[in-house]
Every structure is written in C-alpha cells, then in structure tokens.
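# Structural features, examined
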Amino acid sequence: MNKTNHSIGTLAPVLFVLLAFCSTAMLGQPYHFAVKHAHGWRSCQGELTISQEGITYQDSKEKHDRKWVFKEVQQVRLLSSKELAIVTYEDQRLKWSGDRSFRFILLDGEITNSLYRFLLEKTGKPLVAKIAFIETGPTYQLSAKHLHRWGGCQGTLIFSENGVIYQTDDKEESRTWLYSDLESIGPMNPFHLRLTTNETSRFHYGGRADFNFVLKEKMNEKLYEYLWRHIHKMESPSNGISSK
Ligand SMILES: [Zn+2]
Ligand SMILES: [Zn+2]
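Described in the following lines is the structure provided in the data block. On a predicted model such as this, the values are computed, not experimentally measured, just so you know. (Residues numbered from 1 in each chain as written. Chains lettered and ligands numbered in written order. Predicted model: local features only at pLDDT ≥ 70, side-chain atom pairs only at ≥ 80, totals over all residues. Heavy atoms only, no water.)

### Comments concerning the coordination of the zinc ion (ligand 1)
Six octahedral donors at a metal ideally form angles of 90 or 180 degrees, and four tetrahedral donors ideally form angles of 109.5 degrees. The zinc ion (ligand 1) binds to the protein through His37 (ND1), His39 (NE2), Cys44 (SG) and His64 (ND1), with metal-donor distances spanning 1.9 to 2.3 Å. Relative to the metal, the four donor atoms surrounding the zinc ion (ligand 1) lie at angles of 99 to 118 degrees, and the coordination shape comes out tetrahedral. On the accessibility criterion, His39 (18% relative accessible area) is buried. (Donors = N, O, S within 2.8 Å, 3.2 Å for Na, K, Ca; no water. Tetrahedral: all angles 85-135°; square planar, octahedral: opposite > 155°, others 65-115°. Buried < 20%, exposed > 50% of the residue type's maximum accessible area, 1.4 Å probe, protein only.)

### Digging into unusual backbone geometry
For Glu172, which is not a glycine, the phi torsion comes out positive at approximately 60 degrees. Along the chain, the position of Glu172 falls in the loop between strand 11 (163-168) and strand 12 (175-178). Residue classification places Glu172 among the partly exposed residues on the basis of a relative accessible area of 28%. (Helix = DSSP H or I, 4+ residues; strand = E, 2+ residues; numbered from the N terminus.)

### Focus: helix 2 (residues 113-123)
Along an α-helix, a turn takes 3.6 residues, which lines up residues three or four apart on a common side. Along helix 2, the positions that sit buried rather than exposed are Leu115, Tyr116, Phe118, Leu119, Leu120 and Thr123. In the stretch just after helix 2, Gly124 is the one whose phi turns positive, near 65 degrees.

### A word on the coordination of the zinc ion (ligand 2)
Looking at the zinc ion (ligand 2), the protein donor atoms are His146 (ND1), His148 (NE2), Cys153 (SG) and Glu173 (OE), and they sit 2.0 to 2.2 Å from it. Each of the four donor atoms around the zinc ion (ligand 2) contributes to a set of angles spanning 92 to 127 degrees, which defines the coordination as tetrahedral. Each donor residue of the zinc ion (ligand 2) lies on the same chain, and together they follow the pattern H-x1-H-x4-C-x19-E. Of the two residues, His148 is situated in the loop between strand 9 (140-147) and strand 10 (152-159) and Glu173 in the loop between strand 11 and strand 12; the sequence distance between them amounts to 25 residues. Residue Glu173 is classed as buried on the basis of its relative accessible area of 17%.

Nothing here speaks to function; it is all geometry.
See below:
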C-alpha cells in the first residue's frame, strides 16, 4: 500500500462521519420547544415538535394533543421570534367563517432563520414571517416609515437576492418576504413604495395586504426595476442586487 492510499483509507471513515453529520444538520433535526398553547382567556403548556413528519403538540393535562402532517397545514404564521400560529383547514367552531388556527408562545428557544427555511420547504406554501431574517449576501437598504391606518412605524427596508425584509423594533411589524410572497409593487415613486403581499388582510375579505412605505432616502430607478423584475419573475441572474 502506498502512502497516499493509506492516508485516504484512514480519512475515509472520518469524512463519512463528517458528511453524515452535515447532511443530518441540513435535513434538519427535529425542533423541540416548550410552549404555551393560547386559547381564549386560558392556555395550556406542552411541547411543540417540528420534524420531517410534521408538527406535533403534546400536552398531558388538557388533552390538546395535536398532530399535523405538513399538507394539513394551510399556513404557518411566525408572529415574532417567540410566537407562531398554525392555520389549519378545519373550520373554526362557533364562528361565521375562518379557518381554525392554533397559537403557540415559545417558553424557550426562538424561531430561527433555519426553522423558517425548513417550514418553507416542508409546507411548500408561503408563510407569514413577522420577523426580519437578515441575510448575509449583498443587500440594498433604505430607511423607511411604514404607514399604518394611524401613524406608522420606523424601520429599514432591506432588499436582497431572495426578497424584501422590513426591520423595525415595533412588535409584529417586521417582515421577511420572498419575491414569491409579493404580488405587485406600486408605480415608480422615488419616495414611496407600495408592496402588495400575499398576506391576507383582515380588513378586506379575501384581500391582500398592502404595505405602504414613505422612503426617507430616494429609491433609484435601477432598484425599482430590479424589484419589478423579481416580483414578476423576469429577473436575469446576472442582474445582481448590488448593481446600482
Ligand atoms: Zn391547549
Ligand atoms: Zn408598521
């Protein structure tokens, strides 16, 4: 046996273990959280597990144990880094309309970017992320004020290769949108941006939520075109976000 073969032979098991470890990490180990299940005025506590098989909630006391395979999950709503809701296709009891949802408050850990990606992949459906998942790649940023019915909140719009992020300190106001979560963009106006998202709006039946931003810095036409092309899926890979 020559020297080269010998060292590869010795390394092989180590490499195998490393690769196995990496692929398990990428596939996603189950996520376990101690949670509070919120229902009306009361709540119960248990464990929420998000794994390859789906989402389970185990609670010994109130018999609220549930298990959903991913196709039974209509939408996951990440309400903050500590709170999420699972919207099912079940009808809501004693209500005119609406799908039944289950709200959980995390008592330990937090909702990470990797869990967000995992849920996106597993459900294969758009989800609502009221969290700003900042990306490491190149971004373009604009200070902005998000307009509410009354007043607004202050934050930063971050445009990346994958989508648009709005980061603010206001509770439930941050967002992460993939370009596929955005339906349209308002007409070019360097100091105003309207994003029509796939998030359903409580105020318009079957309506889509519009997000209106006053831009504190001028948006250049190139960025507008970049957004338009990505939202309407006409992007060209060579047209990077960093190009001004
Ligand atoms: Zn419960
Ligand atoms: Zn806001």
